[in-house]
Amino acid sequence: MGATDDQTDHQDDRTRVRQGEIAAGRPLLWDVYDDSGQLLLSKGYIVVNERQRRRLLKEGLRSAASLSPEAGSAAADGLSEVGGNPFVTIEQLTLRLEGVLGTIRQQGVDIAPQQRIRKLGRAIQALCDYDADASLGAAHLKHDTPYPFRHSIHTALLCEQVARRLNWPRLTRLSIISAALSCNVAMTELQAELVEQAEPLNDVQWDAIQAHPRRGYEMLLGAGVSDPLWLQVVIQHHECINGRGYPAGAKGEEVLPGARLLGLADRYHAMVTGRSYRNGMLVKNALRRIFLDIGQEVGSSLAQMFIKELGIYPPGSIVQLANSEKAVVIRRKGELGGPMLACIANSKGEHYARPRHRDSGEKEQFAIKDVHPSPGSLPFSLSRLWSY
Ligand SMILES: [Fe+2]
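Here the structure is a predicted model, which is why all the values come from computation and not from measurement.

1. Digging into the packing of helix H5 (residues 147-165) against helix H10 (residues 257-272)
Okay, so step 1: Direction vectors running N to C along H5 and H10 enclose 125°, while the axes themselves pass 9 Å from each other. When the axes of H5 and H10 are compared, the pair comes out oblique. In this structure, H5 crosses over H10, and the sense of that crossing is right-handed. Two secondary-structure elements touch here, H5 through Tyr147, His151, His154, Thr155, Leu158, Cys159, Val162 and Ala163 and H10 through Leu261, Leu262, Ala265, Asp266, Tyr268, His269 and Ala270.
Okay, so step 2: Here the residues of the contact of H5 with H10 sort into ten nonpolar, four polar and one charged.

Given below as structure tokens:
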């Protein structure tokens, strides 16, 4: 970042997208890339709204030459970025997911969506290999990108972390992550609407929600997705083993393990994420809800494994210490066995000038006493808290 509107990227011949070259509601005249050279949106994609136009002006680079599907697909590979700041990578992946789901929604046929989503999935796997704790922290605290795509990225990260713990094969996990990224493709606009809506669902919204697993399955199939596990997990991601899910009311073993995991991660992230009209649920309350209720819908052993993997204080939890400091949990386990913390405020609630990193196992006064009742806004960026 930091480039001006007319700056040329010297790594290749791409230039910044300029004012007047794009407009909401109009198709792009060229492929658009981000600063690292990854394909964001393809030629012909219709810019959805003013917000997306502004983001492309800020972050987009254009190329006069059109890419072949193979080259474009390679450019969409997010793996090369993993190893830097995970919070930046997550933001880039979110923007890229918005692009590819938009292409599917507009029935674009330029670059195979299956390949592009799989590459996002592989980047998510690499991110979990690289820094699982920071990825979990982002799932709880990163709120500055559009909800539908952020929710999908974070749900996919949660699925990968739990599925790894269950020793599911990497390719099986990739199919499940791909499903997590794309399962709500039929209702992204409605999701964005609902996150702002305090009132109960109306009949039209209710019908759209009931229909979205099957509709999403059809859209993905139509866009060339051929992975049977991915497609099955999409159509089943709201089924419950007690038969009370939708769209088919499948029961027990009929509901695939991957679909149950995705359903669980989806519900957990929705619970802990704030809305414009309410704060997110406290992590301990969300985990209790999984233990008591949601376990009956997805299977108690899976629910227990999910809770075990996240721990009582997963990264991103806001906690109060025995010495009354306020802190963010940044790692599940430090060298002394307890969570690692970034303290953000003293016992009087006054913010520190910089985060103070502590090992909760080092002294009694650093022990976690409770979750903080009201997270509120944080005085530091996630990069600063996690020292990136
Ligand atoms: Fe869904």
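Now that the structure has been shown, we can carry on.
2. Details of the coordination of the iron ion
Okay, so step 1: Coordination of the iron ion by the protein comes from Asn184 (OD1), His212 (NE2), His237 (NE2) and His238 (NE2), over a distance range of 2.2 Å.
Okay, so step 2: The coordination sphere of the iron ion comprises four donor atoms, whose angles at the metal cover 84 to 177°; the geometry is irregular.
Okay, so step 3: Summarised as a motif, the one-chain spacing of the donors to the iron ion is N-x27-H-x24-H-H. Placement of the pair is asparagine 184 in the loop between helix H6 (170-182) and helix H7 (188-194) and histidine 238 in the loop between helix H9 (228-236) and H10, with a sequence separation of 54 residues.
Okay, so step 4: Residue classification places histidine 238 among the buried residues on the basis of a relative accessible area of 16%.

3. Section: the layout of surface pockets
It is the rolling of a water-molecule-sized probe over the atoms that shows where space remains empty.
Okay, so step 1: The space that makes up the largest pocket amounts to roughly 910 Å³.
Okay, so step 2: The wall of the largest pocket is formed by 31 residues, among which His238, Tyr246, Asp266, Arg267 and Ala270 lie closest to the centre.
Okay, so step 3: Every element with two or more residues in the lining of the largest pocket is listed here: H5, H7, helix H8 (203-222), H10 and helix H11 (283-298).
Okay, so step 4: Residues belonging to the lining of the largest pocket are distributed by class as follows: 14 nonpolar, nine polar and eight charged.

4. Points about the nonpolar core
Okay, so step 1: Leu181, Tyr268, Ile290 and Trp386 are the most contacted members of the largest nonpolar core, which totals 70 residues.
Okay, so step 2: Looking at this core element by element, the count peaks at ten residues for helix H4 (residues 113-141).
Okay, so step 3: Shared between two domains, this core holds at least three residues of each, these being domain 2 (88-310) and domain 3 (318-385).
Okay, so step 4: Dropping the residues within four chain positions of it, tryptophan 386 is found in contact with Phe87, Asp133, Ala134, Gly137, Leu141, Pro315, Gly316, Val328, Val329, Ile330 and Arg331.

5. Comments concerning empty space enclosed by the protein
Okay, so step 1: In total, this model carries one cavity of 30 Å³ or more according to the counting rule given.
Okay, so step 2: In terms of lining, the largest cavity is formed by Leu40, Leu41, Gln52, Leu56, Leu95, Glu98 and Gly99.
Okay, so step 3: Take the lining of the largest cavity: its biggest share by element is three residues, from helix H3 (residues 86-105).
Okay, so step 4: The class makeup of the residues in the lining of the largest cavity is four nonpolar, two polar and one charged.
Okay, so step 5: Looking at the lining of the largest cavity, you find at least three residues from each of domain 1 (1-67) and domain 2 (88-310).

6. As for unusual backbone geometry
Residues apart from glycine generally show negative phi values, whereas peptide bonds are mostly found in trans.
Okay, so step 1: With an omega of 10°, the peptide bond running from tyrosine 246 to proline 247 counts as cis.
Okay, so step 2: For proline 247, the location among the structural elements is in the loop between H9 and H10.
Okay, so step 3: Non-glycine residue serine 324 carries a positive phi angle of around 75°.
Okay, so step 4: Mapped onto the elements of the fold, serine 324 is located in the loop between strand E5 (318-321) and strand E6 (326-331).
Okay, so step 5: Judged by its relative accessible area of 27%, serine 324 falls in the partly exposed class.
Okay, so step 6: Of note in the backbone geometry, serine 387 takes a positive phi value of approximately 60° without being a glycine.

7. Looking at the sheet that holds strand E8 (residues 351-359)
Okay, so step 1: Within the open sheet, the five strands sit side by side as E8-E7-E6-E5-E9. Their pairing is antiparallel. The sheet is open, and its two edges are formed by E8 and strand E9 (368-371), each paired on a single side. Between one strand axis and the next, the sheet turns through 35° on average, direction left out of account.
Okay, so step 2: Each of E5 and E6 is contacted by H4, which is oriented at about 135° to E6, the strand it contacts most.

8. Here's the deal with the confidence of the model for the protein
Okay, so step 1: Predicted confidence across the protein gives a mean pLDDT of 85, with 86% of residues reaching 70 or more.
Okay, so step 2: The low-confidence segment residues 1-11 (pLDDT under 50) makes 20 contacts with residues lying over four places distant or belonging to another chain.
Okay, so step 3: Segment residues 65-80: pLDDT under 50, and 32 contacts once partners within four positions in sequence are set aside and those in other chains are kept.

9. Observations concerning the sheet that holds strand E4 (residues 61-62)
Okay, so step 1: As summarised here, the arrangement of the four strands in space is E1-E4-E2-E3, forming an open sheet in which the pairing is antiparallel. Lying at the two open borders of the sheet, with one neighbouring strand each, are strand E1 (15-16) and strand E3 (39-41).
Okay, so step 2: The sheet contact formed by strand E2 (residues 32-33) and E4 spans two bridges and is antiparallel. Its bridge partner being in E4, tyrosine 33 is matched across the sheet by leucine 61.

10. Observations regarding the pattern of salt bridges
Okay, so step 1: With the rule as written, the count across this model stands at 20 salt bridges.
Okay, so step 2: Of the charged contacts, one joins aspartate 133 and arginine 331 as a salt bridge, the two residues approaching to 3.7 Å between their closest N and O atoms. Placement of aspartate 133 in helix H4 and of arginine 331 in strand E6 is noted, with a sequence separation of 198 residues between them.
Okay, so step 3: According to the relative accessible area criterion, arginine 331 is partly exposed, its value standing at 24%.
Okay, so step 4: One salt bridge in this structure joins aspartate 144 and lysine 142, with 2.8 Å as the shortest N-O distance.
Okay, so step 5: Taking the relative accessible area as the measure of exposure, aspartate 144 reaches 54% and is therefore exposed.
Okay, so step 6: Since its relative accessible area comes to 7%, lysine 142 is described here as buried.
Okay, so step 7: When salt bridges with common partners are traced through the structure, they connect Asp131, Asp133, Arg165, Glu309, Arg331 and Arg332 into a single cluster.

Parameters at a glance
- Residues numbered from 1 in each chain as written.
- Predicted model: local features only at pLDDT ≥ 70, side-chain atom pairs only at ≥ 80, totals over all residues.
- Heavy atoms only, no water.
- Axes fitted to C-alpha atoms, helices over the stretch in contact; angles between N-to-C directions.
- Helix = DSSP H or I, 4+ residues; strand = E, 2+ residues; numbered from the N terminus.
- Parallel < 35°, antiparallel > 145°, perpendicular 65-115°, else oblique.
- Left-handed = near helix turned anticlockwise from the far one by under 90°.
- Contact = heavy atoms within 4.5 Å.
- Nonpolar A, V, L, I, M, F, W, Y, C, P; charged D, E, K, R; others polar.
- Donors = N, O, S within 2.8 Å, 3.2 Å for Na, K, Ca; no water.
- Tetrahedral: all angles 85-135°; square planar, octahedral: opposite > 155°, others 65-115°.
- Buried < 20%, exposed > 50% of the residue type's maximum accessible area, 1.4 Å probe, protein only.
- 1 Å grid on protein atoms, 1.4 Å probe; cavity = no way out; pocket = protein on both sides within 12 Å on 5 of 7 lines; lining within 4 Å.
- Points joined across faces, edges and corners; volume = space filled by probe spheres on them.
- Core = buried A, V, L, I, M, F, W, Y, C linked by side-chain atoms within 4.5 Å.
- Domains from an automatic or database assignment.
- Pairing = 2+ DSSP bridges.
- pLDDT = per-residue confidence, 0-100.
- Salt bridge = Lys/Arg side-chain N within 4 Å of Asp/Glu carboxyl O.

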